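Descriptive structure summary
Residues per chain are reported as follows:
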Amino acid sequence: MTTITIQELCTEEEVVQIFPLMKDLRPYLDEERFREIWRAMQPDGYRIYAMYDGGEIVAFTGIQIRTNMYYFRHVFVHELVTRADIRSKGYGEKLLTFVHEWGREHDCVTVALESALTRVDAHRFYETKMDYDKFCYSFKKSL
């Protein structure tokens, strides 16, 4: 029997443990840049939660509470990653359910996230499995 736990990673030494998973999602990051960005996001309340199965990291999420005029107070999911070799085993669902509960506990009314157009499997997961609505496009312009 395996034991699944979710724990917040608070120190840089703890956070760097998820770097191999972050690299799966964001292959352009090196560890130094990852650490630098993580440190810069701390004052704005960015948090990382890792999911462990039998003491081994299997997934993580990077989240932040935000407030705006269209989502109101909400949890923004910057990252949600399950180890590639064990996807479709329920880890993502459990971790995102944790995010929903965490958001309710922190008086949030919505969970919002963005997903790259190429991530079709992720879109299917969010829409079909987790009942998320796809309702807009997100745009960007490099400066």
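Notes on the structure follow. The structure displayed is predicted, hence computed values, not measured ones.

1. Here we look at the overall build of the chain
Looking only at helices and strands, the chain has five helices and five strands in total. When the helices and strands of the chain are placed in sequence order, the string is β-α-α-α-β-β-β-α-β-α. Computed over C-alpha atoms, the radius of gyration of the chain comes to 15 Å, within 12% of the 15 Å expected from 2.2 N^0.38 for 143 residues, which places it in the range of a compact globule. Taken over the C-alpha atoms alone, the chain extends approximately 40 × 35 × 30 Å along its principal axes. If you take every contact in the chain between residues at least 6 apart in sequence, the share linking residues at least 24 apart comes to 56%. When the 19 positive and 23 negative side-chain charges of the chain are each reduced to one mean point, those points stand 5 Å apart.

2. Examining the packing of aromatic side chains
Applying the stated rule across the entire model yields five aromatic pairs. When the ring of tyrosine 71 is compared with that of phenylalanine 135, the centres are 6.1 Å apart and the planes differ by 80°; the resulting orientation is edge-to-face. Of this pair, tyrosine 71 sits in the loop between strand S3 (56-68) and strand S4 (72-82) while phenylalanine 135 is found in the segment after helix H5 (120-129), placing the two residues 64 residues apart along the sequence. Among the aromatic residues, those joined into a ring-pair cluster are Tyr49, Phe98 and Trp102. Above the ring of phenylalanine 76, the side-chain terminus of arginine 66 is found at 4.3 Å from the ring centroid.

3. Considerations on the pattern of salt bridges
For the structure shown, the criterion picks out eight salt bridges. Ionic pairing is found between glutamate 12 and arginine 35, a salt bridge with its closest N-O pair at 3.0 Å. Taken as a pair, glutamate 12 in helix H1 (residues 12-15) and arginine 35 in helix H3 (residues 31-41) lie far apart in primary sequence, 23 residues in all. The shortest N-O distance in the salt bridge between glutamate 12 and arginine 39 comes to 2.8 Å. Taken together, the positions of glutamate 12 in helix H1 and arginine 39 in helix H3 put the pair 27 residues apart, joining distant regions of the chain. Assessed through its relative accessible area of 18%, glutamate 12 is described here as buried. Judged by relative accessible area, arginine 39 falls into the partly exposed class, the value being 43%.

4. Describing the sheet that holds strand S2 (residues 47-53)
In space, the five strands of this open sheet follow the order S1-S2-S3-S4-S5, with mixed pairing throughout. This sheet does not close on itself; its edge strands, each paired only once, are strand S1 (4-9) and strand S5 (110-113). With direction set aside, neighbouring strand axes in the sheet form an average angle of 30°. Bridge analysis of S1 against S2 gives six bridges, and the strand direction is antiparallel. Paired with isoleucine 6 across the strands is methionine 51, a residue of S2. Running over the sheet, helix H4 (residues 91-105) touches S1, S2, S3, S4 and S5 and is turned about 160° from S4.

5. Examining the environment of aspartate 44
When you line up the elements, aspartate 44 lands in the loop between H3 and S2. Using a relative accessible area of 55% as the deciding quantity, one classes aspartate 44 as exposed. Between the C-alpha atoms of aspartate 44 and glutamine 64, which are 20 residues apart in sequence, the distance is 7.7 Å.

Rules behind the numbers
Residues numbered from 1 in each chain as written. Predicted model: local features only at pLDDT ≥ 70, side-chain atom pairs only at ≥ 80, totals over all residues. Heavy atoms only, no water. Helix = DSSP H or I, 4+ residues; strand = E, 2+ residues; numbered from the N terminus. Rg over C-alpha atoms; globule rule 2.2 N^0.38 Å. Contact = heavy atoms within 4.5 Å. Lys, Arg positive; Asp, Glu negative; His and termini not counted. Charge placed at Lys NZ, Arg CZ, Asp CG, Glu CD. Phe/Tyr/Trp six-rings, centres within 6.5 Å; stacked < 30°, edge-to-face > 60°. Lys NZ or Arg CZ within 6 Å of the ring centre and 35° of its normal. Salt bridge = Lys/Arg side-chain N within 4 Å of Asp/Glu carboxyl O. Buried < 20%, exposed > 50% of the residue type's maximum accessible area, 1.4 Å probe, protein only. Pairing = 2+ DSSP bridges. Axes fitted to C-alpha atoms, helices over the stretch in contact; angles between N-to-C directions.

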